[in-house]
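# Breakdown of the fold
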Amino acid sequence: MALPRLTGTLRSFSNVTKHEDYSEELADLRTKRSKLHEQLLKSDLTWKKIIKFVDDNLDKKEHQTVNGDLKTILQAAKQIVGAENGQEAIESGAVFLFKTFHRKECVGHDETKAIKQMFGPFPSSSATAACNATYRIASHFTEEQLTALIQMAEEQNGDNRVFFGKNIVFSFDMHDLDHSEELPVNGEADAQKIISLDY
Amino acid sequence: YCIQIVETSFTHHKKKKQLQNKTYCHPEIKADRSFVLYRPPPVVRDPALVEEFLERAKFIADDLNWLLALPHDKFWCQVIFDETLQKCLDSYLRYAPRKFDALLDCLPEVNDMQKCLHRSVFLTFLRMSTHKESKDHFITPSVFGEIIYNNFLFDIPKILDLCVLFGKGNGLLLQKMIENIFTQQPSYFGDLDETLPTVLQVFNNILHKCGLQCEGASAEPQKLEEKVNVTPGNMPLQELKDIVLYLCDTCTTLWAFLDVFPLACQTFQKHEFCYRLASFYELAIPELESAIKKRHYEDNSVFADLWRRISHSRKRMIEAFHILINQVCLQPILESRYWHLGSVVLASYLIAVVGEIVSSFSGLLEKMNRYSYLFLRDYDELFPVEDDVSLLQQASSTLDETRTAYILQAVESAWEGVDRTKAQVVKDPT
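As the structure is a prediction and not an experimental result, all values here were calculated from the model.

Basis of the calculations
Residues numbered from 1 in each chain as written. Chains lettered and ligands numbered in written order. Predicted model: local features only at pLDDT ≥ 70, side-chain atom pairs only at ≥ 80, totals over all residues. Heavy atoms only, no water. Helix = DSSP H or I, 4+ residues; strand = E, 2+ residues; numbered from the N terminus. Buried < 20%, exposed > 50% of the residue type's maximum accessible area, 1.4 Å probe, protein only. Contact = heavy atoms within 4.5 Å. pLDDT = per-residue confidence, 0-100. Core = buried A, V, L, I, M, F, W, Y, C linked by side-chain atoms within 4.5 Å. Domains from an automatic or database assignment. Buried area = accessible area lost by both parts, 1.4 Å probe. Salt bridge = Lys/Arg side-chain N within 4 Å of Asp/Glu carboxyl O. Polar contact = N/O pair within 3.5 Å; in protein donor to acceptor, adjacent residues only side chain to side chain. Nonpolar A, V, L, I, M, F, W, Y, C, P; charged D, E, K, R; others polar. Axes fitted to C-alpha atoms, helices over the stretch in contact; angles between N-to-C directions. Parallel < 35°, antiparallel > 145°, perpendicular 65-115°, else oblique. Left-handed = near helix turned anticlockwise from the far one by under 90°. Patch = residues over 30% accessible without salt bridge, like charges linked within 9 Å, V, L, I, M, F, W, Y side chains within 5 Å. Areas by Shrake-Rupley, 256 points an atom, 1.4 Å probe, with all protein chains shown as cover. Phe/Tyr/Trp six-rings, centres within 6.5 Å; stacked < 30°, edge-to-face > 60°. Lys NZ or Arg CZ within 6 Å of the ring centre and 35° of its normal. Expected span 1.5 Å × (residues − 1).

### Concerning the overall build of chain A
Scanning chain A from N- to C-terminus turns up eight helices and zero strands. Reading the helices (α) and strands (β) of chain A from amino to carboxyl end gives α-α-α-α-α-α-α-α. Within chain A, the fraction of its 199 residues that count as buried is 41%. The contacts of chain A with a sequence gap of at least 6 include a subset with a gap of at least 24, amounting to 66%.

Encoded structure:
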């Protein structure tokens with residue numbers, strides 16, 4: 001339950017605010033997830049580009065092993081995204097999994113959270129399979145090669161932009177209750193007693 | 001709906017002439033981002049609730065970081081036209097836990113995420129209150145004033161929330177932000193003026209809930225079925241807790257605002273705020289304290305918490321009163337703002353000023369019940385009235401001694417029958 005607040009009263013009973021209706025916002029998490037899916041589909045890094053990257057940078061004798069791992073990632077994406085969402089969504093999911101795991105040896109807490117945030121609940125075995133396959137693929141390439149590939153997506157997201165206020169010294173200190181040293185004895189009836197204001 | 005927001009000026013090197021590049025802001029430029037609403041950390045460590053909090057918070061943190069990294073013109077387009085962003089920020093101000101709320105036992109990752117959000121929200125409001133971001137990126141002050149006001153980017157409740165959430169650690173920066181908002185858009189003074197009757201009504205409502213009647217309150221007809229004999233002493237404990245929490249939040253928020261933006265004091269005084277605050281204090285505090293002390297508690301920590309909150313509220317009310325008196329009466333004289341006007345004008349001004357102080361206290365002099373002069377005594381204990389009067393006397397030798405004597409006499413009367421040395425011993429055991 002919301003705590004009683006002065007500003008809550010002012011929002012409700014004064015005429016100086018925009019009266020917001022929050023009742024329609026109950027499904028905002030679902031809307032947000034679908035927006036993220038849309039963004040994922042628009043990413044510059046596509047599944048086809050990952051396949052081309054593998055083709056261009058590996059010997060043919062390594063192709064068979066790597067192709068098997070690529071298929072594993074795509075299969076895992078199908079399990080996580082859901083086959084009913086179509087090939088485009090599955091491939092975008094596979095790109096997301098590749099980006100998430102390309103520097104990871106195992107599925108950690110952060111990766112689990114990231115996948116869940118994007119797709120909702122998912123089978124952990126699929127995530128583990130995708131992680132292992134991505135790790136095997138990544139081991140064929142240098143750090144520079146992988147960075148160049150992944151940056152295709154990050155440049156579009158503007159991660160290199162200047163962050164407003166990055167140099168501002170911010171304090172987390174907040175107004176707190178004063179420390180009261182004096183507590184009256186419970187049940188004391190002396191209304192004239194002076195209570196110290198020096199806390 | 002298209003707004004010209006940015007005027008980027010630069011010098012054309014060949015012609016050595018100042019050129020202006022006007023940028024226009026249009027809803028179509030806004031990105032379709034869908035900000036989610038903020039919800040506070042869960043009160044209990046339920047894994048599902050914690051997870052939902054973290055998911056929401058991560059979405060907001062990522063989105064605000066994206067927003068803060070946008071170029072100047074795109075940032076303003078988003079801020080003006082993205083209603084989901086405005087609701088997200090507003091929900092944070094409404095529901096972000098204050099440190100003086102009940103203590104939350106949060107998981108470390110919840111605390112870390114909350115801190116991350118807290119900073120990003122502040123930086124977003126900082127950017128929204130800055131019309132000149134760099135020498136090349138700025139908004140004309142008058143246009144800036146219109147944008148923030150017409151789009152409700154800031155309003156009085158939001159400004160109060162900002163003060164209570166960020167005023168302690170980031171006071172200087174917040175002071176600049178709020179001064180700039182009020183300077184570029186003086187309509188906010190009008191809004192504050194319109195808001196104050198509602199603030200005073202909050203005090204009246206608290207008195208009403210305690211079965212007390214405030215002076216000057218409108219005598220509304222009472223519903224027949226309404227309980228009229230409810231007092232803090234016999235009301236349910238939860239109701240008493242709610243009243244004390246509400247009082248604590250109200251006093252802290254008002255004080256935090258006046259502390260950051262003392263220029264608001266003149267508007268407060270238009271509503272006789274000093275007098276109304278002191279009257280409220282005189283009526284409500286003894287009643288609530290007595291009820292808290294007399295009640296039987298199964299858990300003594302509830303008693304300690306209520307007592308701490310009521311003591312805190314007392315102090316904040318007195319400090320708010322002091323800021324008001326200081327800003328409205330004392331500071332102009334100490335800064336010698338009126339000295340150049342000559343002794344006659346100065347004397348008249350001082351009389352008016354002292355009159356302000358006296359009228360703030362004099363209503364209390366008329367109340368001769370068992371709690372009489374409580375406010376005056378408490379105020380004098382924290383901010384000795386004698387010191388203020390002495391400052392006034394030093395500022396002008398033409399000050400009417402009858403009036404100053406009246407004030408000092410009032411303070412003396414307030415202490416009559418009370419052992420001042422006992423109070424001082426309690427204050428300082430050394």
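### What about the confidence of the model for chain B?
Residue and element names in this part refer to chain B. For chain B, the average pLDDT comes to 82, and 78% of its residues sit at 70 or higher. The secondary structure element of chain B with the lowest average pLDDT is strand 1 (residues 3-12), at 48, and the one with the highest is helix 6 (residues 156-166), at 98. Counting contacts from residues 367-371, a segment whose pLDDT is below 50, to residues more than four positions away or on other chains yields nine contacts. Residue range residues 425-430 is modelled with pLDDT below 50. Its contacts to residues more than four positions away, or to other chains, number five contacts.

### What to know about the nonpolar core
Residues and elements named next belong to chain B. Trp76, Phe154, Phe257, Phe268 and Phe273 are the most contacted members of the largest nonpolar core, which has 173 residues in total. A per-element tally of this core places helix 12 (residues 300-334) first, with 15 residues. Two domains each donate at least three residues to this core, and these are domain 1 (3-185) and domain 2 (191-217 + 229-427).

### So, the interface of chain A and chain B
Contacts between the two partners involve 63 residues from chain A, matched on the other side by 102 residues from chain B. For the pairing of chain A and chain B, the buried interface totals around 8,200 Å² over both sides, and the portion due to carbon and sulfur atoms is 60%. With a closest N to O distance of 2.9 Å, aspartate 161 of chain B and arginine 11 of chain A form a salt bridge. If you look at where chain A meets chain B, you find 24 residue pairs in polar contact (both at pLDDT 80 or more). Of all the secondary-structure elements, those providing two or more residues to the side of chain A that touches chain B are helix 1 (6-13), helix 2 (28-41) and helix 6 (109-119) of chain A. The leading source of residues in the side of chain A that touches chain B is helix 2 of chain A, at eight residues. Of the residues that constitute the side of chain A that touches chain B, the class distribution is 26 nonpolar, 17 polar and 20 charged.

### Examining the pattern of salt bridges
Scanning all chains against the criterion turns up 28 salt bridges over all chains. The residue aspartate 63 of chain B makes a salt bridge to lysine 32 of chain A at a minimum N-O spacing of 2.6 Å. Here aspartate 63 of chain B, found in helix 1 (residues 47-68), pairs with lysine 32 of chain A, found in helix 2, and the two come from separate chains. As far as the burial class goes, aspartate 63 of chain B and lysine 32 of chain A line up, both buried.

### Things to note about the side chain of serine 313 of chain B
All names here are of chain B. In this structure, serine 313 sits in helix 12. Of the polar contacts made by the side chain of serine 313, one reaches the backbone oxygen of arginine 309; its length is 2.7 Å. In this structure serine 313 touches Leu247, Cys248 and Cys251, once residues within four positions along its chain are discounted.

### Describing the packing of helix 2 (residues 72-81) of chain B against helix 4 (residues 108-128) of chain B
All names here are of chain B. Where helix 2 contacts helix 4, the two axes come as close as 11 Å, and the packing angle between them is 105°. Here helix 2 lies roughly perpendicular to helix 4, going by the angle between them. The residues of helix 4 that touch helix 2, namely those facing His72, Phe75, Trp76 and Val79, are Thr124, Arg127 and Met128. Residue composition of the contact of helix 2 with helix 4, grouped by class: four nonpolar, two polar and one charged.

### Focus on the packing of helix 2 of chain A against helix 1 of chain B
Contact geometry of helix 2 of chain A with helix 1 of chain B gives a least axis separation of 12 Å together with a crossing angle of 50°. Between helix 2 of chain A and helix 1 of chain B, the angle is such that the two are oblique. Helix 2 of chain A and helix 1 of chain B meet at a crossing whose hand is left-handed. Between helix 2 of chain A and helix 1 of chain B, the residues in contact are Asp28, Leu29, Lys32, Arg33 and Leu36 of chain A and Glu52, Glu55, Arg56, Phe59 and Asp63 of chain B, respectively.

### Describing the environment of lysine 71 of chain A
Along the polypeptide, lysine 71 of chain A turns up in helix 4 (residues 60-81). Between the alpha carbons of lysine 71 of chain A and alanine 130 of chain A there is a distance of 9.5 Å; along the sequence they are 59 residues apart.

### Some thoughts on a nonpolar patch on the surface
Residues and elements named next belong to chain B. A cluster of nonpolar side chains, namely Val43, Val44, Leu49 and Leu104, defines an oily patch on the protein surface of about 360 Å² accessible area. Relative to the elements of secondary structure, leucine 104 occurs in the loop between helix 3 (83-95) and helix 4. According to the relative accessible area criterion, leucine 104 is partly exposed, its value standing at 34%.

### Notes on the packing of aromatic side chains
Scanning the entire structure with this criterion turns up 27 aromatic pairs over all chains. Between phenylalanine 125 of chain B and phenylalanine 154 of chain B, the ring centres sit 5.7 Å apart and the planes meet at 55°, which makes this aromatic pair tilted. Here phenylalanine 125 of chain B, found in helix 4, pairs with phenylalanine 154 of chain B, found in the loop between helix 5 (141-150) and helix 6; they are 29 residues apart in sequence, far enough to count as distant. In this structure an aromatic cluster arises from ring pairing among Tyr149, Phe182, Tyr188, Phe189, Phe203, Phe257, Phe261, Phe268, Phe273 and Phe280 of chain B. The ring of tryptophan 66 of chain B is capped by arginine 33 of chain B, whose NZ or CZ atom sits 4.3 Å from the centre of that ring. Geometry around phenylalanine 172 of chain A places lysine 115 of chain B over its ring, the cationic atom sitting 5.2 Å from the centre.

### Here we look at helix 4 of chain A
The α-helix winds at 3.6 residues per turn, so residues separated by three or four positions along the chain end up facing the same way. Residues and elements named next belong to chain A. Taking 1.5 Å of rise per residue, 22 residues should cover 32 Å, and helix 4 covers 31 Å from first to last C-alpha, within 8% of that figure. Those residues of helix 4 not exposed but buried are His63, Val66, Asp69, Leu70, Ile73, Ala76, Ala77, Ile80 and Val81. Contact partners of the buried residues in helix 4: helix 3 (47-57), helix 5 (86-101), helix 6 and helix 7 (124-138). Positive phi appears at glycine 82, one or two residues downstream of helix 4, with a value of about 105°.

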